[in-house]
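A look at the structure
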Amino acid sequence: RPGKFNCVIYLQVFNATTAELLSHHQVELKQEFPKEGWVEQDPKEILNSVYECVEKTCEKMKELNIDITNIRAIGVTNQRETTVVWDKTTGEPLYNAIGNYAFLWLDLRTQTTVDHLLKRIPGKNKTFSKTGLPLSTYFSAVKLRWLLDNVEEIKKAVEDGRAMFGTIDSWLIWSLTGGKNGGIHCTDVTNASRTMLFNIHSLEWDPELCKFFEIPMEILPNVRSSSEIYGVMESGALTGVPISGCLGDQHAALVGQMCFQDGQAKNTYGTGCFLLCNTGQKSVFSEHGLLTTIAYKMGKDKPAFYALEGSVAIAGAVVRWLRDNLGIANSSLEVEKLAAEVGTSYGCYFVPAFSGLYAPYWEPSARGIICGLTQFTNKNHIAFAALEAVCFQTREILDAMNKDCGIPLSQLQVDGGMTTNKILMQLQSDILCIPVVKPSMAETTALGAAMAAGAAEGVEVWSLNPRDLTAVTWERFEPQINPEGKTFLCYLSCKLFFLTNVDRAGFGYSSFAIFLISS
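Residues numbered from 1 in each chain as written. Predicted model: local features only at pLDDT ≥ 70, side-chain atom pairs only at ≥ 80, totals over all residues. Heavy atoms only, no water.

Looking at an unreviewed UniProt entry, one finds the protein named Probable glycerol kinase, with Serinus canaria as its source organism. In its Catalytic activity (unreviewed entry) section, the UniProt entry covering the protein states "glycerol + ATP = sn-glycerol 3-phosphate + ADP + H(+)". (UniProt positions renumbered as here; feature names shortened; annotations may be inferred.)

**What about the sheet that holds strand S14 (residues 227-232)?**
Strand order in the open sheet formed by three strands is S4-S15-S14, with mixed pairing between adjacent strands. Unpaired on one side and paired on the other, strand S4 (74-78) and S14 mark the two borders of the sheet. Here the average twist between neighbouring strands, direction ignored, is 40°. Taken together, the five bridges between S4 and strand S15 (residues 242-248) define a ladder with parallel strand orientation. Across the sheet, the residue bridging to Ile74 is Ile243, located in S15. In this fold helix H8 (residues 249-256) packs onto S4 and S15, with an angle of close to 100° to the strand it touches most, S15. Strands S4, S14 and S15 of the sheet are contacted by helix H13 (residues 444-455), whose axis makes an angle of about 135° with S15. (Pairing = 2+ DSSP bridges. Helix = DSSP H or I, 4+ residues; strand = E, 2+ residues; numbered from the N terminus. Axes fitted to C-alpha atoms, helices over the stretch in contact; angles between N-to-C directions. Contact = heavy atoms within 4.5 Å.)

**A look at the state of the cysteines**
Within the structure shown, the criterion is met by zero disulfides. We note that Cys186 lacks a disulfide partner, and the nearest cysteine sulfur, in Cys246, lies 6.6 Å from it. Unpaired in terms of disulfides, Cys259 finds its nearest cysteine sulfur in Cys277, a separation of 8.5 Å. Since its relative accessible area comes to 0%, Cys259 is described here as buried. (Disulfide = S-S within 2.5 Å. Buried < 20%, exposed > 50% of the residue type's maximum accessible area, 1.4 Å probe, protein only.)

**Concerning the side chain of Asp206**
Within the secondary structure, Asp206 is located in the loop between strand S12 (204-205) and helix H7 (207-213). Taking the relative accessible area as the measure of exposure, Asp206 reaches 6% and is therefore buried. Engagement of the side chain of Asp206 in a polar contact is seen with the backbone nitrogen of Glu208, the distance being 3.0 Å. (Polar contact = N/O pair within 3.5 Å; in protein donor to acceptor, adjacent residues only side chain to side chain.)

**Observations regarding unusual backbone geometry**
The amide bond that connects Ala359 to the next residue, Pro360, takes the cis arrangement and shows omega of 0°. With respect to the secondary-structure elements, Pro360 resides in the loop between strand S20 (349-351) and strand S21 (369-371). Despite not being glycine, Leu203 shows a phi value in the positive range, around 60°. Relative to the assigned elements, Leu203 resides in the loop between strand S11 (198-199) and S12. The class of Leu203 is partly exposed, set by a relative accessible area of 24%.

Next comes the structure, spelled out in structure tokens:
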């Protein structure tokens, strides 16, 4: 249904020696849902919010008697697959049909485009080995193809040589470094690896993939490493400061969690849920529904590191849905309190497939289910079931990752806004049957971008040598049940119910009494 959510632009300033957070500012942005499955944002609002964050943060630093001339570098981190096309002669986004809006990663309008493309792939393997990604509405190439097929202004701009494509990092870096007056059109390897147009082995845009999707290569940004000077700020309080770090948000969190060793993994609980495991300098291809992606490349002459990733579309978004759509709570904190009051879902299960299912199923037609309702069920049980749903989805990803890697994780490092929910963290440990460890600063994504920026050649104020990295304090959640315990059995029951419905009727159309739920 049409509606609105808010999301946030953050700017955070760190001490490069201690990793201490010195100052920050945030601005809420509107997300629009004009039609079922459509998710949009205004690129101009995003850019203006960045400028506002810069000015407000610098004002706060002056109030703290911190000299802003000590800011040595800027890093950018972003939602990865969100797609923007703009006019390089005017600096304006080109998608005017619904108000110059960016094409968000959760958007599902491209399903017919995916169906059309699938018919062109022989056999049953729908994962491109060059990209490590399955053909899905999730990734940028399909969104860009839809724009080229459906927006006349974009088609005309491509014909005239005026169009530029990029994910949010590209749009911001181009705009901040001068825009139409010489802005730098670039991206980094982590964001490029999420487009389905980038060869993760040769580290180049792939002509065959671009031909398959019929994407003109001249509109693509230059691909750079995650840590090098791309350009400098051309206006505002930080004019002249180099932009020297760029990572997709989940990759930035991997760096911020200091997962630099083969086999280290982190899980970020945000709008969605993203579990990444560093596989070192070798790309590991999953046989259990995970993605192969580039973890980071920390310098022009440094090697690329790879990761396995499990992506869950809906995590924190389910709490917002309970608040905004059902109205059973006024805040995320209240959802936690509701769940704590009962300590159980009382047999109620919730599968929040608002945007289909990502890993390990990759089923775009899936829709949400709440089941197991009785006359005794109340909003507390539904709140608890929603938190369990996030944990159950993470368990499925971890099971797949353990099978692909061959060595089970001994603990899970976590970050993101939802990790402030202690009920959720304890549930996660119980369902995984391993410890869950959270750093004292949960928002490690911005930290990772700052580390990449500070480590860049020509800046070099932040060492990434493990011996030099600041020790991190952790909060640790130990499993309080054994594998035969009640919570684990609930997971098995939920998984059995879920698989029965997927196998029997394409998910959501079985003989069970269920609700079909959308966002």
